Amino acid sequence: MSIEIRTIDDVLPHISYEAGIVVSSRNSFTVVDYVFVNDNTFINPVARECRGLKFDSAGRILARPFHKFFNIGERERPEDVDWAQPHIVMDKLDGSLVHPCMLDGELVFMTRMGVTDQAKAALRNADANVLALCADVLADGKTPMFEYTSPDHRLVVSYEKPQLTLLAVRETISGSYMPHAALVDLALAYGVPVARTFGRVDDVKTFIASGRALEGVEGYVVAFDSGHRLKLKADAYVLRHKALAGVAYEKNLLAWIANDALDDVLPLLNDDVARRVRDYHDQVMRSVTGHLQDIEALVDRLREADRKAIAMEVQATVDYRLRGVAFSVLDGKNGRDAMMAVVKRASQSENRLEQFRDLLQMQWSGNDLVMKDA
């Protein structure tokens, strides 16, 4: 991927916010990254480089992590890929991509968006070998990239201990990738872990079928010597990743509860998130049960009154959001179904959810369920 980028002015003419790419200024550096994707986001080679490019305060390039690459079959048919070109199949780890950067004379770690909590955690867990490699490679005008995996920053796949695994090295200005053999030699020289490899693709159909059937891993990356890269994710990982991404949004979680679908989602989540989801479910259902018991007691007390008197009492004593439930119970309909219909209405949008938060005593935050780029 030899596209020369020396300054931010080499990038700006090729990108736009309308295409999903933003330029974010920090105190002493600038990040160019995509924040949403449409048909025009990666329309040219420079735009495909905008996956966390870093520039200093003078606009000079500081670091160049991976270009945007796609799933097998996403942009080109598998049979149209020239599999005869030199390549290697690598392990796709389920962590956070981090890279070092010299910032005001200090070595820091960054993710796509900059010096994030994950980046700080990676730096705290970087040993002397990793730090030495980073300093030397940066001084040579290259950007090393690592996957930071940790039991404290679990996404889908579980890891026993914090670790930084070397994935690739790029020339920061030209964008050329270090050949894999040289990458392995570099890792050995510094005593740093490097991503596992699995040979090359000989039969693409067999490779895709076996890769998608994998369990307990994220999948593979196919790295061509030319710099071209493709990824293949296991079906089980994709399903779990989508479930975790869905849980980050409270309205999705509430909709699963309303539709009695939570049992299908819980097995896809890691233990900590599943526990939090169950706690949320239990709180919502306690509110549902409490409101329904109050309504049923009211209806039992008013059952002998005439309809007008009942309506007046319901208007005076029942929360306006639950009056339909009261009349449903009065008409002999299933009260739980009526209450779950209220929950379903609350899940229709984030704004609607806020209108029902106090009623259902809901409290959920998905902010710490950090989702990486898929």
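Analysis parameters
Residues numbered from 1 in each chain as written. Predicted model: local features only at pLDDT ≥ 70, side-chain atom pairs only at ≥ 80, totals over all residues. Heavy atoms only, no water. Helix = DSSP H or I, 4+ residues; strand = E, 2+ residues; numbered from the N terminus. Rg over C-alpha atoms; globule rule 2.2 N^0.38 Å. Buried < 20%, exposed > 50% of the residue type's maximum accessible area, 1.4 Å probe, protein only. Contact = heavy atoms within 4.5 Å. Areas by Shrake-Rupley, 256 points an atom, 1.4 Å probe, with all protein chains shown as cover. Lys, Arg positive; Asp, Glu negative; His and termini not counted. Charge placed at Lys NZ, Arg CZ, Asp CG, Glu CD. Polar contact = N/O pair within 3.5 Å; in protein donor to acceptor, adjacent residues only side chain to side chain. Salt bridge = Lys/Arg side-chain N within 4 Å of Asp/Glu carboxyl O. Core = buried A, V, L, I, M, F, W, Y, C linked by side-chain atoms within 4.5 Å. Pairing = 2+ DSSP bridges.

Colleague: Any details on the overall build of the protein? Residues and values, ideally.
Modeller: The number of helices and strands found in the protein is 12 helices and 12 strands. For the protein, whose C-alpha radius of gyration is 27 Å, the value lies well above the compact-globule estimate of 21 Å for 374 residues. In terms of overall dimensions, the protein has C-alpha extents of about 85 × 50 × 40 Å along its principal axes. In the protein, which comprises 374 residues, the proportion classed as buried is 50%. For the protein, the proportion of contacts with a sequence separation of at least 24, taken over those separated by at least 6, is 63%. When the accessible surface of the protein is summed, it comes to about 18500 Å², and 49% of that surface belongs to carbon and sulfur atoms. The positive charge centre, built from 45 side chains, and the negative charge centre, built from 54, are 3 Å apart in the protein.

Colleague: Go over the environment of Asp 56 with me, naming the residues and quoting the values.
Modeller: Examined against the element boundaries, Asp 56 turns out to sit in strand S3 (residues 51-56). When its relative accessible area of 15% is taken as the criterion, Asp 56 is described as buried. Each C-alpha atom of the pair Asp 56 and Met 312 lies 68 Å from the other, and the pair is 256 residues apart in sequence. In this structure the side chain of Asp 56 is engaged in a polar contact, spanning 2.9 Å, whose partner is the backbone nitrogen of Ala 58.

Colleague: Any details on unusual backbone geometry? Residues and values, ideally.
Modeller: One non-glycine residue with positive phi stands out, namely Asp 104, at about 55°. Turning to its location among the elements, Asp 104 is positioned in the loop between strand S7 (96-103) and strand S8 (106-110). Phi is positive for Gln 361, which is not a glycine, with a value near 55°. Here Gln 361 is to be found in the segment after helix H12 (350-360). Overall, Gln 361 belongs to the partly exposed group, its relative accessible area being 48%.

Colleague: Give a detailed account of the pattern of salt bridges, specifying residues and quantitative values.
Modeller: Applying the stated criterion to the full structure yields 21 salt bridges. When the shortest N-O distance is used, the salt bridge between Arg 301 and Glu 313 registers 3.4 Å. You can see Arg 301 sitting in helix H8 (residues 271-302) and its partner Glu 313 sitting in helix H9 (residues 307-317), a full 12 residues away along the chain. Classification of Glu 313 by relative accessible area gives partly exposed; the value is 25%. Where Asp 358 meets Arg 321, a salt bridge forms, and the shortest distance between an N and an O atom there is 2.8 Å.

Colleague: Tell me about helix H6 (residues 250-258), residues and numbers included.
Modeller: Here H6 has its buried residues at Glu 250, Leu 253, Leu 254, Trp 256, Ile 257 and Ala 258. Downstream of H6 by one or two residues, Asp 260 has phi in the positive range, about 55°.

Colleague: Tell me about the nonpolar core, and please be specific about residues and values.
Modeller: Ranked by internal contacts, the top residues of the largest apolar core, which has 46 residues, are Leu 269, Val 277 and Val 325. It is H8 that contributes the most residues to this core, 12 residues altogether. Beyond its immediate sequence surroundings of up to four residues, Leu 269 is in contact with Ala 243, Leu 244, Val 247, Ala 274 and Val 277. Ala 126, Leu 166, Leu 183 and Leu 186 belong to the second largest nonpolar core, which has 21 residues in total.

Colleague: Outline the pairing of S8, supporting the account with residue identities and numerical values.
Modeller: The buried fraction of S8 is high, at 4 of 5 residues. The pairing of S7 with S8 spans 5 bridges and is classified as antiparallel. Bridge assignment links His 99 to a residue of S8, and that residue is Met 110. Taken together, S7 and the strand that follows it, S8, pair antiparallel across an intervening segment of 2 residues, in which Asp 104 is found at a positive phi of about 55°.

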